[in-house]
Each structure stands twice: as structure tokens, then as C-alpha cells.
Amino acid sequence: MAALRYAGLDDTDSEDELPPGWEQRTTKDGWVYYANHAEEKTQWEHPKTGKRKRIAGDLPYGWEQETDENGQVFFVDHINKRTTYLDPRLAFTVDDNPTKPTSRQRYDGSTTAMEILQGRDFTGKVVVVTGANSGIGFETAKSFALHGAHVILACRNMTRANEAVSRILGEWHKAKVEAMTLDLALLRSVQHFAQAFKAKNLSLHVLVCNAAAFALPWSLTKDGLETTFQVNHLGHFYLVQLLQDVLCRSAPARVVVVSSESHRFTDISDSSGKLDFSRLSPSKNDYWAMLAYNRSKLCNILFSNELHRRLSPRGVTSNAVHPGNMMYSSIHRNWWVYTLLFTLARPFTKSMCGYLRSTGCLPLGKRLLLSET
């Protein structure tokens with residue numbers, strides 16, 4: 001029991017509590033067996049329930065399995081800097097003949113990204129997250145990296161991106177994470193990023209289009225387009241087009257576009273119902289920051305749905321997601337009025353760690369968990 005308490009696994013209320021003198025152990029291939037120290041014997045069945053059990057899932061993030069000089073397996077918790085011979089996954093054992101799980105697992109607003117990905121192994125998967133140096137993007141990138149994925153933080157500010165990489169490596173020194181330059185406000189930068197990524201000869205299993213601008217004063221990019229429209233939509237649209245062949249070669253793969261419920265409060269059609277291109281990249285006189293943001297988020301959803309229609313037959317799915325109502329982040333930083341509004345709303349919003357609920361969020365397109373990849 002002392003060993004269980006050390007590993008944080010003691011549970012005196014469980015029906016699986018062992019009688020005095022018994023110890024629970026695991027084999028290298030994940031099966032649980034029981035040692036009776038009084039009679040010096042072992043058995044596969046639990047001494048009270050008679051059930052056989054096995055380990056479920058992979059080691060929690062930050063844990064690693066090692067072997068000592070005597071060939072005995074022990075476990076290292078790199079986060080808390082400790083070692084134990086007790087497998088931490090003993091808290092997640094399952095019956096040898098478990099009942100069929102329900103087809104849909106339910107989560108709530110307090111569920112964290114780490115809880116969503118518990119037991120998932122993304123080793124060998126390559127993930128690109130735009131705007132990953134802070135906020136939603138950082139939590140997404142960190143969660144994937146700590147579960148074994150090779151994660152690329154695609155960011156405009158390389159100083160902050162490298163700081164984000166260091167923070168992830170500080171949690172797990174073996175995380176496979178790197179930063180690359182991507183400025184969505186410059187289409188040439190998008191092109192250079194795609195070329196540099198392809199030069200690495202990597203697969204691409206998940207592309208998270210997360211970066212966004214909010215409440216910007218009117219301005220044009222060097223490409224001659226309104227900044228909010230280009231950063232939030234067109235830059236990502238171009239990025240996906242440039243990486244489409246890599247995504248298809250890597251199938252099953254998916255694109256996740258972070259949109260917003262605010263898409264409902266606008267339209268991009270004229271009075272006759274036809275697409276009004278002037279609304280996408282408006283002039284200064286016709287510009288309102290909130291409306292520009294809403295329109296860019298509507299474009300995100302239309303793009304995601306059409307992308308899914310075209311690429312799903314080739315094994316590439318696309319999902320648009322809503323990160324949560326008024327979720328606190330730094331996206332409001334461009335105007336003090338929005339900063340005040342977000343500050344007042346902060347006690348009623350989700351935390352960043354709770355973001356991955358279905359990426360984790362409530363999807364606006366087709367519901368597919370990232371952890372299913």
C-alpha cells in the first residue's frame with residue numbers, strides 16, 4: 001500500500017483492494033498478476049474478485065519505462081523527478097474480458113486536453129499547429145508533443161515560438177517539437193513555409209489552422225488584402241492548398257480549422273444572395289473589426305466543409321471547431337475595450353487546458369476527435 005500511495009494510486013474504497021500480504025505486479029507485456037508473500041506464490045486471478053486484468057493504454061505523459069542492472073523493470077516520472085517499481089497504469093487496468101465500451105465518451109467543460117489524450121500514443125504522427133506560441137495553439141501543440149507526436153509550431157514571431165518550444169521540452173525532455181516561421185499576413189511566407197516543410201520529407205497527419213487576429217484596426221497586408229481576412233482565412237486556405245498533396249499521401253489525415261460561433265452574426269452575400277467579394281476584404285470606410293472577424297470565421301466553416309467534401313474520399317477529413325464561448329486568451333490584445341470585456345468574462349470561461357474537448361471543442365462541422373487519428 002505504501003508503494004501505491006507513493007505512486008498516487010491508493011484507493012481503500014475499491015472492491016479490488018488486496019488482502020494483507022498480497023501485492024499487485026505487472027508483466028512486461030502488460031498483464032497483471034498477484035503475489036502472495038505469506039504463501040510465496042503468484043496467480044493471475046485477483047484474490048478477492050477472481051478477475052484477470054491487464055494494463056490499459058500507454059504510460060501517462062512524462063513517464064518512461066526503464067530496466068535496472070538486474071533486468072527488473074522500473075518507471076521514471078520525469079515531471080516529478082521520481083522513480084518507482086510500480087507501474088502507474090495500475091490505476092487504469094481493465095478486465096481480461098471487458099464489456100463492450102460505449103460508442104461515445106462524454107466530456108464536459110472542465111475536461112482537459114491531457115484527459116482527452118490519456119492513453120493515446122501519437123508516436124510517428126506529425127502535427128502542424130499555426131499560432132502555437134501561446135493560447136489555444138500552445139496547449140494544442142503541447143498536448144500532442146507530450147503524447148509522442150512530432151509537433152511543428154508554425155509562428156510569425158520566432159522568439160516567442162522558441163520560448164514555447166523550451167516550455168514544452170521543460171515538461172518532457174524527449175518531446176519532439178520544433179518551430180518554423182509562418183506569417184499568414186504574407187502569402188510569400190506561407191509559400192516559403194510549405195516549401196521548407198516539404199523539404200523535410202515528413203508526413204503530415206494533423207494540420208491545425210489555429211492562428212487568428214481579432215479587433216485589428218483597418219490595414220492592408222503587403223498582398224493588398226484586409227489583414228483580418230487574410231490572417232484568419234486566406235492564409236490558411238493557401239497553406240492547405242500547398243500542403244494538400246502531403247496530407248493525401250499521409251492519409252488517414254485531417255485538417256482542423258478553429259472557427260467561432262460568431263460566424264452566425266454575419267453574411268457574405270449581397271441582396272440578391274450572391275457572394276459579395278467586397279465584404280471579404282472591405283475598404284476602410286466599410287470596415288468594422290468585429291464584423292470582419294465574424295466574416296473570416298464564416299469563411300473558415302465554408303472552407304472546412306468544402307475541403308471535407310473534396311478530400312474525405314482520399315482519406316483526409318476536415319473539421320471546423322468552436323473553442324468555447326468567450327474563452328480567455330490573448331486574442332483580444334489589440335483594443336482595450338475588448339481586453340476589459342474579456343477580463344470581466346474570465347471567471348465564466350473555460351481554461352486553455354480545457355480547450356481540447358473535440359480538438360477539443362464543440363465542432364461546427366463533422367465531429368471527429370483528434371485523438372482518433
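Residues numbered from 1 in each chain as written. Predicted model: local features only at pLDDT ≥ 70, side-chain atom pairs only at ≥ 80, totals over all residues. Heavy atoms only, no water.

Note the cut-off: UniProt positions are given in the numbering used here, feature names are shortened, and annotations may be inferred rather than shown by experiment.
Taking an unreviewed UniProt entry as the reference, the protein chain is identified by name as WW domain-containing oxidoreductase belonging to Neovison vison. Under the UniProt heading Sequence similarities (unreviewed entry), the entry covering the protein chain gives this text: "Belongs to the short-chain dehydrogenases/reductases (SDR) family." Listed under Subunit (unreviewed entry) in UniProt, the entry text for the protein chain is "Interacts with TP53, p73/TP73 and MAPK8. Interacts with MAPT/TAU, RUNX2 and HYAL2. Forms a ternary complex with TP53 and MDM2. Interacts with ERBB4, LITAF and WBP1. Interacts with DVL1, DVL2 and DVL3. May interact with FAM189B and SCOTIN. Interacts with TNK2. Interacts with TMEM207. Interacts (via WW domain) with VOPP1."

**Observations regarding the pairing of strand 6 (residues 73-77)**
Filter applied, for reference: Buried means the residue's accessible area, taken with a 1.4 Å probe over protein chains only, is under 20% of the maximum for its type, while exposed means over 50%, and partly exposed covers the values in between. To qualify as a helix, a DSSP run of H or I must reach at least 4 residues; to qualify as a strand, a run of E must reach at least 2; elements of each kind are numbered from the N terminus. We call two strands paired when DSSP finds no fewer than two bridges between them.
Counting buried positions along strand 6 yields five of five residues, so the element is predominantly enclosed. Neither face of strand 6 is left uncovered, since the one carrying Val73, Phe75 and Asp77 and the one carrying Phe74 and Val76 both have all their residues buried. Direction of pairing for strand 5 (residues 63-67) relative to strand 6: antiparallel, over a ladder of five bridges. Residue pairing for strand 6: tryptophan 63 is matched across the bridge by aspartate 77. Direction of pairing for strand 6 relative to strand 7 (residues 82-84): antiparallel, over a ladder of three bridges. Looking at the pairing, aspartate 77 lines up with arginine 82 of strand 7. What sits between strand 6 and strand 7 in their antiparallel hairpin is a turn of four residues, with lysine 81 showing a positive phi close to 55°.

**A look at the pattern of salt bridges**
Pairing between side chains becomes possible if they bear opposite charge and their charged atoms approach one another. For clarity, the threshold we go by: The salt bridge definition used is simple: a Lys or Arg side-chain nitrogen within 4 Å of an Asp or Glu carboxyl oxygen.
Applying the stated criterion to the full structure yields 13 salt bridges. As a salt-bridge pair, glutamate 171 and lysine 142 come within 3.5 Å of each other at their nearest N and O atoms. One end of the pair, glutamate 171, is in helix 4 (residues 158-171); the other, lysine 142, is in helix 3 (residues 135-145), and 29 residues separate them in sequence. Take glutamate 171: its relative accessible area is 26%, and that puts it in the partly exposed class. You can call lysine 142 buried: its relative accessible area is 11%.

**Description of helix 4**
In an α-helix, one full turn covers 3.6 residues, which means residues spaced three or four apart are oriented alike. To keep it simple, the criterion reads: Helix span, expected: 1.5 Å multiplied by one less than the number of residues in the helix. Comment: arc refers to directions from the helix axis out to C-beta atoms. Note on definitions: a residue-residue contact is assigned when non-hydrogen atoms from the two residues lie within 4.5 Å. Under the rule applied, a polar contact is a pair of N or O atoms within 3.5 Å (in protein, one hydrogen donor and one hydrogen acceptor; residues adjacent in sequence only if both atoms are side-chain atoms).
Taking 1.5 Å of rise per residue, the 14 residues of helix 4 would be expected to cover 20 Å, and the 20 Å separating its terminal C-alpha atoms lies within 8% of that figure. Among the residues of helix 4, those classed as buried are Ala161, Ala164, Val165 and Ile168. Looking down the long axis of helix 4, one finds its buried residues gathered within 100° of arc, a one-sided arrangement. Along helix 4, exposed side chains directed more than 90 degrees from the buried face belong to Thr159 and Gly170. On its buried face, helix 4 sits against helix 3, strand 10 (150-155) and strand 11 (176-181). Capping of helix 4 at its N-terminal end is provided by asparagine 157; its side-chain oxygen lies 3.0 Å from the backbone amide nitrogen of threonine 159.

**Some details on the sheet that holds strand 6**
Formally: Helix axes use the C-alpha atoms of the stretch in contact, all axes being lines fitted to C-alpha atoms, and the angles between their N-to-C directions lie in the range 0 to 180 degrees.
What the three strands build is an open sheet, ordered 5-6-7; its pairing is antiparallel. Where the open sheet ends on each side, the last strands, each with one partner, are strand 5 and strand 7. Strand-to-strand twist in this sheet, taken as the mean axis angle between neighbours without regard to direction, amounts to 30°.

**Notes on the nonpolar core**
Selection criterion: Side-chain atoms within 4.5 Å link the members of a nonpolar core, which is a set of buried Ala, Val, Leu, Ile, Met, Phe, Trp, Tyr and Cys residues.
Within the largest apolar cluster, 35 residues are counted, with the highest numbers of intra-cluster contacts made by Val128, Phe193, Phe197, Leu204, Leu207, Leu243 and Val255. When contributions to this core are tallied by element, the ones reaching two or more residues are strand 9 (126-130), strand 10, helix 5 (187-199), strand 12 (206-209), helix 6 (227-249), strand 13 (253-258) and helix 8 (289-311). With residues up to four places along the chain from it excluded, the contact list for leucine 243 reads Phe193, Ala194, Phe197, Lys198, Leu204 and Leu207. In terms of nonpolar packing, the next biggest core, distinct from the first, is built from 28 residues, Ala164, Ile168, Ala175 and Val208 among them.

**Digging into helix 3**
Along helix 3, ten of the eleven residues are buried, which leaves the element largely enclosed by surrounding structure. Burial in helix 3 covers these residues: Ile136, Gly137, Phe138, Glu139, Thr140, Ala141, Lys142, Ser143, Phe144 and Ala145.

**Concerning the packing of helix 5 against helix 6**
Quick reminder of the rule: An angle below 35 degrees is read as roughly parallel, one above 145 as roughly antiparallel, one from 65 to 115 as roughly perpendicular, and any other as oblique. Crossing handedness is defined as follows: a turn of the near helix away from the far one that is anticlockwise and smaller than a right angle gives a left-handed crossing, while the clockwise case is right-handed. Each residue gets one of three labels, nonpolar for Ala, Val, Leu, Ile, Met, Phe, Trp, Tyr, Cys and Pro, charged for Asp, Glu, Lys and Arg, and polar for the others, Gly among them.
One can describe the packing of helix 5 onto helix 6 by two numbers: an axis separation of 10 Å at closest approach and a directional angle of 30°. Judged by the inter-axis angle, helix 5 sits roughly parallel to helix 6. Helix-helix and strand crossings are classified by hand; for helix 5 and helix 6 the assignment is right-handed. Of helix 6, the residues touching helix 5 (which contributes Leu187, Val190, Gln191, Phe193, Ala194, Phe197 and Lys198) are Gln230, Gly235, Tyr238, Leu239, Leu242, Leu243, Asp245 and Val246. For the contact of helix 5 with helix 6, the class distribution of residues is ten nonpolar, three polar and two charged.

**Side note on the packing of aromatic side chains**
For any pair of aromatic rings, geometry is given as the distance between the ring centres together with the angle between the planes. This is how it is decided: Whether two aromatic rings pair depends on their centres lying within 6.5 Å, for rings of Phe, Tyr and Trp, where Trp uses its six-membered ring; planes under 30 degrees apart make the pair stacked, over 60 edge-to-face, and the rest tilted. Two conditions define a charge sitting above a ring: the NZ of Lys or the CZ of Arg must be within 6 Å of the ring centre, and it must be within 35 degrees of the ring normal.
Within the structure shown, the criterion is met by five aromatic pairs. Look at phenylalanine 193 and phenylalanine 197: their rings are 6.5 Å apart centre to centre, the planes differ by 15°, and that puts the pair in the stacked class. Of this pair, phenylalanine 193 and phenylalanine 197 both sit in helix 5, four residues apart, which is roughly one turn of that helix. Neither residue differs from the other here; phenylalanine 193 and phenylalanine 197 are each classed as buried. A cation over an aromatic ring shows up here: arginine 167 above the ring of phenylalanine 138, its NZ or CZ 3.9 Å from the ring centre.

**Quick word on the side chain of arginine 89**
Inspection of the secondary structure puts arginine 89 in the loop between strand 7 and strand 8 (94-95). Under the relative-accessibility criterion, arginine 89 is labelled buried at 13%. Apart from residues no more than four positions distant in its own chain, arginine 89 is found in contact with Ile55, Gly57, Asp58, Leu59, Pro60, Gln65 and Phe75.

**Concerning the sheet that holds strand 1 (residues 22-26)**
Pairing within the open sheet is antiparallel, and its three strands lie in the order 1-2-3. Only two strands of the sheet have a single partner each, and these edge strands are strand 1 and strand 3 (41-43). Along the sheet, successive strands turn relative to each other by an average axial angle of 30°, direction set aside. Sheet topology note: the strand 2 (residues 32-36)/strand 3 ladder contains three bridges and is antiparallel. Its bridge partner lying in strand 3, alanine 35 is registered against threonine 42.

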